[in-house]
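# Fold and contact review
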Amino acid sequence: MDALAIIKKKRDGQRLSRSELSFLIEGYTTKRIPDYQMSAFLMASQLRGMSPEETIVLTELMLKSGRVLDFGAESLRVIDKHSTGGVGDSVSMILAPIVGSCGVRIPMISGRALGHTGGTLDKLEAIPGLRTNLSISEIYQQIQDLGVVMIGATQEITPADRLLYALRDVTASVDFIPFITASILSKKLAEGLSGLVLDVKSGRGAFMTDSDQSRKLAETLVMVGEYFGMTTIALLTNMDQPLGRAIGNWLEVEESIECLKGQGSQELLELSLTLSGEMIALAGLADDPSEGMQIARDAVSSGRALDFFAKIVSAQGGDPKVITNPTLRMRSIEPVTVNLPLDIHGFVTDIDAYQIAEVANNLGAGRLVIDDEVDHEAGIVLHLSVGDRVTPGLPIASIFGRNADLIDASSQKILDAFQLSESPIKKPDLIIDRLTSKGWTSES
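Residues numbered from 1 in each chain as written. Predicted model: local features only at pLDDT ≥ 70, side-chain atom pairs only at ≥ 80, totals over all residues. Heavy atoms only, no water.

### Focus on the pattern of salt bridges
This structure, assessed with the given rule, holds 27 salt bridges. The shortest N-O distance in the salt bridge between D319 and K321 comes to 3.3 Å. Salt bridges sharing partners connect three or more residues here, namely R204, D240, D350 and D352. (Salt bridge = Lys/Arg side-chain N within 4 Å of Asp/Glu carboxyl O.)

### A short note on the sheet that holds strand β12 (residues 418-421)
Strands sit in the order β10-β8-β12 across an open sheet of three strands; the sheet is antiparallel. Bordering the open sheet on either side are β10 (389-390) and β12, each of which pairs with just one other strand. As defined by bridge partners, strand β8 (residues 346-351) adjoins β10 across two bridges and the pair is classed as antiparallel. Bridge pairing in β10 places F347 opposite R389. Strands β8 and β12 of the sheet are contacted by helix α17 (residues 404-417), whose axis makes an angle of about 45° with β12. (Pairing = 2+ DSSP bridges. Helix = DSSP H or I, 4+ residues; strand = E, 2+ residues; numbered from the N terminus. Contact = heavy atoms within 4.5 Å. Axes fitted to C-alpha atoms, helices over the stretch in contact; angles between N-to-C directions.)

### Concerning the packing of helix α5 (residues 91-101) against helix α14 (residues 304-315)
With their axes 8 Å apart at the nearest point, α5 and α14 run at an angle of 105° to one another. Taken together, the axes of α5 and α14 are roughly perpendicular relative to one another. Of the residues in α14, those touching α5 at M93, P97, I98, G100 and S101 are R304, A305, F308, F309 and I312. Looking at side-chain class alone, the contact of α5 with α14 contains seven nonpolar, two polar and one charged residues. (Parallel < 35°, antiparallel > 145°, perpendicular 65-115°, else oblique. Nonpolar A, V, L, I, M, F, W, Y, C, P; charged D, E, K, R; others polar.)

### Observations regarding the side chain of S173
Note that S173 resides in the loop between α8 (159-169) and α9 (177-190). A distance of 2.9 Å separates a polar atom in the side chain of S173 from a polar atom in the side chain of T171. (Polar contact = N/O pair within 3.5 Å; in protein donor to acceptor, adjacent residues only side chain to side chain.)

### Regarding the environment of R162
Take R162: it is sitting in helix α8. When the C-alpha positions of R162 and L363 are compared, they lie 28 Å apart, and in sequence the two are 201 residues distant. Non-local contacts of R162, meaning those with residues more than four positions away in its chain, are made with T154, Q155 and I157. Within polar-contact distance, the side chain of R162 engages the side chain of Q155 at 3.2 Å.

### Thoughts on the pairing of strand β1 (residues 79-83)
Extensive coverage of β1 is indicated by the burial of five of its five residues. The alternating pattern of β1 places I79, K81 and S83 on one face and D80 and H82 on the opposite face, and all of these are buried. Where β1 and strand β4 (residues 195-202) come together, five bridges link them in parallel fashion. Its bridge partner lying in β4, K81 is registered against V197. (Buried < 20%, exposed > 50% of the residue type's maximum accessible area, 1.4 Å probe, protein only.)

### Notes on the sheet that holds strand β6 (residues 246-247)
Judged by pairing direction, the sheet is antiparallel, and its four strands sit side by side in the order β6-β9-β11-β7 without closing on themselves. Edge strands, defined here as strands with exactly one partner in the open sheet, are β6 and β7 (336-339). Along the sheet face, helix α16 (residues 353-362) touches β6 and β9 (379-382) and points at about 140° away from the line of β9. Against the sheet, α17 contacts β7, β9 and β11 (395-400), and its axis sits at roughly 140° relative to β11.

Right, here's the structure in full:
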């Protein structure tokens, strides 16, 4: 075989065999195939498409490019969750302590912020001392001792995905469903999961803004996950408005702590509890997601979940005292308040999640390329959500930024992101639909 012939074949819209895909993936990970040829394959695939069979094979090859975790007798209770990325989405830091405190094993591999969506690793690393770069032996030990670990990808797990993701990012081939599917599921299958709950977001602040494409992504993820024997459930959720009120790394840690106390953003807490209920049921610790959700609520109301978050932080080298008392983490940025004009009143009818995320990133909360440094304290806290009544001069947001020159422009962009009307509206549904191997709930 040679790479050029395979690229031509895909360029002409033909399906590639397992051996041809294997030749490409193995050749690229061993540096026998150069970036420029793999780039040509990525673009040819994006333009000409890939079949479900090719997507399955690509996922398997990326999975087998590295180590696969095996938890033996614990495997039936090893469950994880994955979000396709959103604005103000700190669910992982709420969900992992809730579900872990209920007895589910979670070897959670997360990513960093890129583009307008935040990254769980950046948020966790805003906690003083916390490590996310654990070795394989440390992962096994923490799962045995505590049941939950929250880390980034290691050198041993899915090295093909790590290389291909970096190349996709610079070749305009990120938003291709077969590549997204193979990237997500190769990592999740490498965790040794028996079940996976997906939060597939749709709307302006989502990775995929088009609802039809979001549905297609969910369907492909569930199909491939089930093919590999991993029970896979997807929730399609609304990401037109920010999910939580905090957008920024330490700010989202603070909001997660509030939610673990049963306070904070109720939309963020409800979605976290819903996803937790799905995971608890998949682990066999509840008869159905509804019962699982009640178990999750009890973990929050009893304080077990917050205590468990402190244990995760401590186990990974962080300071657990800032979880029980976040004010112990000293701030170096004073917030600037954004107020409504004095002639404005009515109700909030919309908040543009993408525009809010752009402002937060410009303040330093995110990154445009993977090597950018993030400012863990930068970001925005919103004081209103869709449906709230407003009065003249009301504070609508607090800005956390070090560059004084950006504050005025940021304030105006935040104001522009809010849409108001004189009439109240019904809050949009957060959960749009649910997909299992049996199909969409709305179609049953």
